[in-house]
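Each chain, written out:
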Amino acid sequence: MFPASSLLILNILGLALAAVVSDKIGRRRSFSIFSVPMMANYIVLYFAWDMPTFMLSRLLAGIGTGGLFALKLCITSEYADPKTRAMFLNMISTLGPAIGSAVAHALGIALHWRTVALLGILTTLSGIILPFFWEESPHWLASKGKFEECEQAFRKLHGSTPNTEAELSLLLKVEKTKLQKAKETNSMRTLKKLMIACKKKYFWELMLLGVFISAFLTAAGKLAFITLAVTIIQEITGSHDNIFVFTMVVDICVIIGAAASCLLIKKLSMRSMLFTTGIIGIIVLVSLSACLYFKTDSVYFQWVNVGLLSFYFFIVKSGPYPVLESLLGEIYPIELKVHFFFFSGIVYMSSLSLIVLLLPTMVAAMGYHGLFLTNASIMCVSLGYIWLRLPETKGRTLQEIEIFFKTKNFHEIDEVLGNKEIKALI
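Residues numbered from 1 in each chain as written. Predicted model: local features only at pLDDT ≥ 70, side-chain atom pairs only at ≥ 80, totals over all residues. Heavy atoms only, no water.

K.L.:
So what exactly am I meant to see when it comes to the side chain of Asn41 here?
P.N.:
Along the chain, Asn41 falls in helix H2 (residues 27-47). Relative accessible area serves as the criterion here: at 3%, Asn41 is assigned to the buried category. (Helix = DSSP H or I, 4+ residues; strand = E, 2+ residues; numbered from the N terminus. Buried < 20%, exposed > 50% of the residue type's maximum accessible area, 1.4 Å probe, protein only.)

Following this line, the structure appears as structure tokens:
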């Protein structure tokens, strides 16, 4: 379990480097830079024969995946318009990984792992090349005071319509206000901005919200399942003969759930989608826990367990995961967004690595039925806190969401700029 958990621990290093690099050189080039260690990881893994080489592969993969985790959420949220942002964030953080995970599970069972590593080299190459054809993030350009470049990039990405021009005007007004405030308080440097932010109430409220979002995502078990899918399914079914079929059934349900979320996210509000599917997911997980507690050795019972596990991942992939990962790309202020990812990522990646590392010990102590019941309890508590603190963000610009968390209201920008007391909060 240590190599699997070590990757997650090393993700924190990637998050820290992404915060520094993307703040200095922008989002576009940073994505290419962090795709390089991912490709190097597969090259090293393909030729690896001893433990030091395998650990070098883990180091490179940790840096790459940690950096790309933050950048994919950051870039997607900043490039998409408010009406389609949630859907695109869902596709990039949920549907894409679901398909990739299913393909990886199938290839891992059917092919030698070195052949799988060789295929990984080809996929990561696209992450290096494609950003050269992108525009830079208008939000990053505005946060750095490059307002003319921001306008050009924004219009190339979104065109020029009354709605997009209003969104651009809002972006420029907010960022010019923050830039003026930074000059007045001598806080142009990122470190100074972080120090000031740490003294603000909104900073700690966002951090706490991020902790509960991370707790739900960790307890829901996505990464633990991706990393240890075959082992988990073998142990909850007690079967080795049908493991390929069982794994593919679960993975197909994961993909269908992720695809369904793209439709749901267009029809429902974010809060309705999150809390409805979240509650259903918790009920299914408790039901699976009960079935495992009263287990039998029949083939019929194996399929009941696989069916419940498949339905559970269908539910969490169709609602809680896409919504919560989308929120991570929306709720943090632009100028410090990747730094917020780093701070919340410490909690997220540390908890994930502990789960993967301690999973055999926890299963030995309480069984899978006890583990799933514990996870359901954590999910329930986390969902309750998120219910109390989370506004509806669908259709809101990133500036409107930022103003809400700083002022506790969706103020009109003219009201914010005209009221010195509210203006000081942003």
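K.L.:
I tried to follow the packing of helix H10 (residues 201-220) against helix H16 (residues 337-389) on my own but got confused; where do I start?
P.N.:
Two packed helices can be described by the angle between their axes and the distance between those axes. Orientation of H10 relative to H16, taken along the N-to-C sense of each, is 30°, at an axis distance of 4 Å. Compared by their axis directions, H10 and H16 come out roughly parallel. Across the contact of H10 with H16, the residue classes tally to 26 nonpolar, six polar and one charged. (Axes fitted to C-alpha atoms, helices over the stretch in contact; angles between N-to-C directions. Parallel < 35°, antiparallel > 145°, perpendicular 65-115°, else oblique. Nonpolar A, V, L, I, M, F, W, Y, C, P; charged D, E, K, R; others polar.)

K.L.:
I keep staring at the environment of Met273 and nothing clicks. Help me out?
P.N.:
Looking at where Met273 falls in the secondary structure, it is placed in helix H13 (residues 270-293). When the C-alpha positions of Met273 and Gly319 are compared, they lie 5.7 Å apart, and in sequence the two are 46 residues distant.

K.L.:
In this structure, what is going on with the confidence of the model for the protein chain? I would like to understand it.
P.N.:
The predicted coordinates of low-pLDDT regions are not to be read in fine detail. Confidence in the prediction for the protein chain averages 82 pLDDT; 87% of positions are at 70 or higher. Confidence, read as mean pLDDT per element, is least for helix H19 (residues 420-423) in the protein chain (55) and greatest for helix H7 (residues 147-158) (93). (pLDDT = per-residue confidence, 0-100.)

K.L.:
Whenever I open this one, helix H17 (residues 398-407) confuses me. Can you help?
P.N.:
An α-helical segment advances 3.6 residues per turn. Residues three or four places apart therefore align on the same side. H17 sits mainly inside the fold: nine of its ten residues count as buried. Of all the residues in H17, the buried ones are Leu398, Gln399, Ile401, Glu402, Ile403, Phe404, Phe405, Lys406 and Thr407. Just downstream of H17 lies Lys408, where phi reads positive at about 70°.

K.L.:
Is there a simple way to explain the pattern of salt bridges in this structure?
P.N.:
If the charged atoms of two oppositely charged side chains come close together, the side chains can form a pair. In this structure the tally under the stated criterion is eleven salt bridges. As a salt-bridge pair, Glu78 and Arg27 come within 3.0 Å of each other at their nearest N and O atoms. Of this pair, Glu78 sits in helix H3 (residues 51-79) while Arg27 is found in helix H2, placing the two residues 51 residues apart along the sequence. For the pair formed by Glu78 and Arg27, the shared burial category is buried. Taking the shortest distance from any N to any O, the salt bridge between Glu402 and Lys406 comes out at 2.8 Å. With Glu402 and Lys406 both in helix H17 and four residues apart, the pair spans about one turn of that helix. Residue classification places Glu402 among the buried residues on the basis of a relative accessible area of 4%. For Lys406, a relative accessible area of 9% puts it in the buried group. Residues joined by salt bridges that share partners form a network here, namely Glu175, Lys178, Glu402 and Lys406. (Salt bridge = Lys/Arg side-chain N within 4 Å of Asp/Glu carboxyl O.)

K.L.:
Explanation requested: helix H15 (residues 320-330) in the structure shown.
P.N.:
Of all eleven residues making up H15, eleven are buried, and the element is well covered by its neighbours. Those residues of H15 that sit buried are Pro320, Tyr321, Pro322, Val323, Leu324, Glu325, Ser326, Leu327, Leu328, Gly329 and Glu330.

K.L.:
Teacher, can you tell me more about the packing of H10 against H15 here?
P.N.:
H15 packs onto H10 with a crossing angle of 145° between their chain directions and a minimal axis gap of 10 Å. The two elements H10 and H15 cross, and the hand of that crossing is left-handed. When H10 is examined against H15, the residues Ile213, Phe216, Leu217, Thr218 and Ala220 are found in contact with a partner set consisting of Pro320, Tyr321, Leu324, Glu325 and Leu328. Within the contact of H10 with H15, the residues separate by chemical class into eight nonpolar, one polar and one charged. (Left-handed = near helix turned anticlockwise from the far one by under 90°. Contact = heavy atoms within 4.5 Å.)

K.L.:
Explanation requested: the packing of aromatic side chains in the structure shown.
P.N.:
In this description, a pair of aromatic rings is defined by centroid distance and the angle of the planes. With the rule as written, the count across this model stands at 13 aromatic pairs. Geometrically, the ring pair formed by Phe203 and Phe343 is edge-to-face, given 6.1 Å between the ring centres and 75° between the ring planes. Here the residue Phe203 occupies a position in helix H10, and Phe343 occupies one in helix H16, the gap between them amounting to 140 residues. Given the relative accessible area of 2%, Phe203 is considered buried. Plain terms: the ring middles of Phe275 and Trp387 are 4.8 Å apart, the flat faces sit at 70° to each other, and that makes the pair edge-to-face. Taken together, the residues Phe275 in helix H13 and Trp387 in helix H16 connect sequence positions 112 residues apart. One cation-aromatic arrangement involves Arg114 over Trp49; the distance from NZ or CZ to the ring centre is 3.9 Å. One residue, Arg271, lies across the ring of Trp387, its end atom 4.8 Å from the ring centre. (Phe/Tyr/Trp six-rings, centres within 6.5 Å; stacked < 30°, edge-to-face > 60°. Lys NZ or Arg CZ within 6 Å of the ring centre and 35° of its normal.)

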